[in-house]
Amino acid sequence: MLEGVVVRVSLIGLLLACVTTAPTNKNRDWDIYSFHINSTVTSRYATTIITSRVANRIDASQEIEFHVKIPKNAFISKFRMTIEGQTYDGVVKEKEEAQQQYTQAVSHGQSAGIVSSVGRTLEEFKTSVNVAALSKVTFELTYEELLKRRLGKYELLIHARPMQPIVDFKIDVHISEQPGINFLEIKGGLSSKQLANAITKTQTPTEAWVNFYPSKEQQTQCDGCGDQGLNGDLVIVYDVQRKNSIGELKESEGYFVHHFAPSDLSRIPKNVVFIIDRSGSMSGRKIEQTREALLKILGDLAEDDHFGLITFDSFVSPWKNELLQANQRNLEAAKSFAQEIRDRGATDINAAVLKGTDMLNRHPREGTASILILLTDGDPTSGVTNLELIQKNVKEAIDSKFPLYCLGFGMDVNFEFLEKMALENNGVGRRIYVDSDAALQLQGFYEEVATPLLTDVQMVYLGGANLTQTNFSQYYNGSEIVVAGQITDNNIAEFTAEVIAISKSNKVKYSKATPSEDPIKASSDSNIQRLWAYLTVKQLLDKEVKSSGDEKDKVKKEALDLCLKYGFVTPLTSMVVTKPQGEDSQVAHKPKEGETPRESMLDTHASRAHASRVNTGIPGLPYYHGMAHPGMTYHSRGSPFYGRKNYRLYFYIT
């Protein structure tokens, strides 16, 4: 009979069995003696490698953990462990295949854990391995992401929290941008005054190097640091030069990428309708922050803009039945209305969005851009409550004439419903987190869409194939349109890029005959090819959300094939982390943004494995029932612990 067996499962915000802080270096028996983060950015595509080297300091084997945070938009593409010269690589598999492996392990009482979870801007990757006495292990995690331009800048975010001061701690960033680097700044908690002399920056017109090498003493003295070392972000903020209106085109090994972000254009006056949920669930701080943000947004409208305000609960209450010009008199009246918004009643999303759509449809203005913005914190509970019917009604009413942006306030909102409705109408879904800066989050989103420069943007590529999205309803100042694809037969001589769009006063056209005067040298692992694969998968995942039936299956298969080919961990795939012989594997899943605790992968598997009497697979060990187990604590939506991330659940089996 086995004694003292510990089965450990990492959760995605499901249950809270116990909350503990990691032990300090003084009272734990293993030591991280080297921790390196290396990030390389080319054409806004970032590849980051985290390498952690850990030593078991005692004369007995023990479990050693690797735990890091990565940006939510990133895809993990490689993970490996090296123990005593032997390397164990993670393998990306279709999620269903990994599920079977996971379920089989759990049903036998083995340690099969999910090792990623959703946070506000980061996801967590966690795994562990048993390391022999006085031996060492090296963990290496690689993730990739396309940096998105917002408000005129790109941000590369690197999070560091190794849980102890480390003698050999390094962050190295190399940025290479062929058009030239316009500006580069270093921000984040790790750029504080106490750590200023640990940061070095070297820059040429087209390249930049940022190195962060804090001493062991500095790692305990900075803001947010302590006995457990660094805990914060290093954020590299930059933008590139834009010499041509057509933007930047680059090619390599038959693939191209086109970054299009003209700024020498007049802003297009906009028609915007704000649809504000004032139902009972918006009470307290939510409604206060909504009022605060709305007052600021109204103050930022230009005089040639037209706007409308709608509040809704069980009833839809427009401020006015038509759009009004954003002159001083109308804005002051609208602000008075906004200050009186109070929470009450249920939630009729269908009627509210249809009313906003009708207002925009009834007041078309030539040479303008129309935008519909919905803010809600809950599910539809009044009027039409069938989600698919609401989506159908809204799509038919908007009829591709303008984008709908859906802002979901808090964690209780049905984000998948809002995201699909936005994507079906050329918009995006964005979660607004219930926090002290919620008003700033709302204002920040509005600023991203506040200044339309082009509408009906069509990106045309003669001699291009397997293109990412090429049609965009609007282009906003400070943003960027990115298109990637393949060059047919790698025939660069016959490849032509063309952009056709509508500006404030007329139709505009940009064209370029060749991707680049100085093409990228061919390589077996083209950065542009992986950028194309990343962007294609991202857009296919969005398309899968808004598709149904055979089309949904087709899109899902196409995305899955690319994920498996390029080794991306996405909501369709999982990484099986292979461990040394005699130990169990672990499965890393990438959860969706809208995924609630009840919908998480662990809940799915655990309910299958433990919904009834389960054999642990250990001779002499009694059966146990369900997920309930001595020492566990369940937390409902009303609990202060509900929604907390990175919980660890321990089963002590004797």
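Residues numbered from 1 in each chain as written. Predicted model: local features only at pLDDT ≥ 70, side-chain atom pairs only at ≥ 80, totals over all residues. Heavy atoms only, no water.

By the naming in an unreviewed UniProt entry, the protein chain is Inter-alpha-trypsin inhibitor heavy chain H3-like, taken from Umbra pygmaea. Its UniProt record gives the protein chain a comment under Subcellular location (unreviewed entry), which states: "Secreted". Comment text from UniProt for the protein chain, heading Sequence similarities (unreviewed entry), reads "Belongs to the ITIH family." (UniProt positions renumbered as here; feature names shortened; annotations may be inferred.)

1. Some words on the nonpolar core
Of all hydrophobic cores here, the largest spans 56 residues; its most connected members are Phe79, Phe139, Ile171 and Phe212. Looking at this core, the element that brings in the most residues is strand S2 (residues 30-42), giving five residues. Filtering out sequence-adjacent residues up to four positions away, Ile171 remains in contact with Ile37, Ile158, Ala160, Val210, Asn211, Phe212, Tyr213 and Leu234. By size, the runner-up hydrophobic cluster in this structure holds 34 residues, among which are Ile276, Ile297, Ile373 and Tyr405. (Core = buried A, V, L, I, M, F, W, Y, C linked by side-chain atoms within 4.5 Å. Buried < 20%, exposed > 50% of the residue type's maximum accessible area, 1.4 Å probe, protein only. Helix = DSSP H or I, 4+ residues; strand = E, 2+ residues; numbered from the N terminus. Contact = heavy atoms within 4.5 Å.)

2. A word on the pattern of salt bridges
On inspection of all chains with the given rule, the structure shows 27 salt bridges. Residues joined in a network through salt bridges with shared partners are Arg44, Arg149, Glu177, Asp239, Arg242, Glu248 and Glu480. (Salt bridge = Lys/Arg side-chain N within 4 Å of Asp/Glu carboxyl O.)

3. Remarks on helix H5 (residues 349-362)
Compared with an ideal rise of 1.5 Å per residue, which puts 14 residues at 20 Å, H5 spans 20 Å between its outermost C-alpha atoms and is within 8% of the ideal. Of the positions making up H5, those classed as buried are Ile349, Asn350, Ala352, Val353, Gly356, Thr357, Met359 and Leu360. By the N-cap criterion, in which a side-chain oxygen at the helix start approaches the backbone nitrogen of a residue two or three places on, H5 is capped by Asp348, the distance to Ala351 being 3.1 Å. (Expected span 1.5 Å × (residues − 1). Polar contact = N/O pair within 3.5 Å; in protein donor to acceptor, adjacent residues only side chain to side chain.)

4. Details of the packing of aromatic side chains
A full pass over the atoms with the stated rule returns 22 aromatic pairs. Taken together, Tyr45, Phe75, Tyr255, Trp532, Tyr534, Tyr566 and Phe568 form an aromatic cluster joined through their ring pairs. The residue whose ring lies beneath Lys136 is Tyr33, and the NZ or CZ to ring-centre distance is 4.8 Å. If you follow Lys170 out to its NZ or CZ, it ends over the ring of Tyr213, 5.3 Å from the centre. (Phe/Tyr/Trp six-rings, centres within 6.5 Å; stacked < 30°, edge-to-face > 60°. Lys NZ or Arg CZ within 6 Å of the ring centre and 35° of its normal.)

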